[in-house]
Amino acid sequence: MKLFTHNMLTSKMIKNVKVGYPLKLNAAEVKVTPSEFRSTYVSRMLPKIDWGVLYEATQSIGHAEAIPSSISDDYEKNEDFLRKAHHALFEIEVINGEMICPETGRKFPIKDGIPNMLVNEDEVN
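So, a few notes on the structure that sits alongside this text. These numbers come from a predicted model, not from an experiment.

## Details of the packing of aromatic side chains
Per the stated rule, a full pass over the model turns up 3 aromatic pairs. Ring centres of Tyr41 and Phe90 lie 5.6 Å apart, and the angle between their planes is 40°; this geometry places the pair in the tilted category. Remark: Phe90 occurs in helix α4 (residues 79–91) and Tyr41 occurs in helix α2 (residues 39–45); sequence separation between them is 49 residues. For Phe90, a relative accessible area of 15% gives the class buried.

Okay, structure coming up:
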């Protein structure tokens with residue numbers, strides 16, 4: 001699971017969960033796979049990203065050096081920053097681990113890079 005995906009996921013579908021975001025990330029296996037850098041694409045995606053959540057995710061999986069703690073004001077013109085953002089969002093992948101709902105502690109497994117967000121019928125509103 002790419003960190004871009006993690007940044008978008010929530011457990012709000014669980015009964016009595018108000019926000020369900022951000023999901024805590026525990027990684028048992030992480031892989032880094034280089035991919036083509038496209039600065040325009042990355043700069044257009046950044047406004048949709050919760051940077052604090054992305055930063056916390058990189059910290060929690062042992063990639064603290066991947067990105068700075070805050071988004072650069074000139075990120076659209078800062079290629080070095082865009083490359084770091086690209087790396088964190090699209091090249092770092094959690095292969096096996098789990099995500100945890102911040103409100104209930106419900107665990108969602110990640111296996112072979114695929115997050116399983118399925119819930120039981122009695123867990124939904």
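## Description of the sheet that holds strand β1 (residues 24–32)
Spatially, β1-β2-β3-β4 is the arrangement adopted by the 4 strands of the open sheet, whose pairing is antiparallel. Of all strands in the sheet, those bounded by a partner on one side alone are β1 and β4 (114–115). Relative to strand β3 (residues 107–111), strand β2 (residues 92–100) is paired through 4 bridges, and the arrangement is antiparallel. Note on β3: the bridge partner recorded for Gly97 is Ile110. The sheet strands contacting α4 are β1 and β2, and the helix crosses β2 at an angle near 60°.

## So, α4
Within the span of α4, buried status applies to Phe81, Leu82, Ala85, His86, Ala88, Leu89, Phe90 and Glu91. Tucked into the core, α4 has its buried residues touching α1 (3–8), β1, α2, α3 (51–60) and β2.

## Some words on the pairing of β3
Burial along β3 is one-sided: the face carrying Phe108 and Ile110 is buried and the face carrying Lys107, Pro109 and Lys111 is not. The antiparallel pairing of β2 with β3 creates a hairpin that spans 6 residues between the two strands, and Gly105 there sits at a positive phi of about 85°. Direction of pairing for β3 relative to β4: antiparallel, over a ladder of 2 bridges. Its bridge partner lying in β4, Ile110 is registered against Pro115. Between the antiparallel neighbours β3 and β4 lie 2 residues, among them Asp112 with a positive phi of about 55°.

## Thoughts on unusual backbone geometry
Cis geometry marks the peptide bond from Tyr21 to Pro22, where omega comes out at -5°. In this structure, Pro22 sits in the loop between α1 and β1. Although it is not a glycine, Asn16 sits at a positive phi angle of roughly 70°. Along the chain, the position of Asn16 falls in the loop between α1 and β1. Within the chain, Asp112 stands out as a residue other than glycine whose phi angle is a positive 55°.

## Re the pattern of salt bridges
Counting across every chain of the model gives 5 salt bridges. Across the pair Arg83 and Glu79 runs a salt bridge, and its minimum N-O distance is 2.9 Å. Here Arg83 pairs with Glu79, and both are found in helix α4, just 4 residues apart, close to one helical turn. Two residues, Glu98 and Lys107, come together in a salt bridge whose shortest N-O distance is 3.9 Å.

The rules behind each value
- Residues numbered from 1 in each chain as written.
- Predicted model: local features only at pLDDT ≥ 70, side-chain atom pairs only at ≥ 80, totals over all residues.
- Heavy atoms only, no water.
- Phe/Tyr/Trp six-rings, centres within 6.5 Å; stacked < 30°, edge-to-face > 60°.
- Helix = DSSP H or I, 4+ residues; strand = E, 2+ residues; numbered from the N terminus.
- Buried < 20%, exposed > 50% of the residue type's maximum accessible area, 1.4 Å probe, protein only.
- Pairing = 2+ DSSP bridges.
- Contact = heavy atoms within 4.5 Å.
- Axes fitted to C-alpha atoms, helices over the stretch in contact; angles between N-to-C directions.
- Salt bridge = Lys/Arg side-chain N within 4 Å of Asp/Glu carboxyl O.

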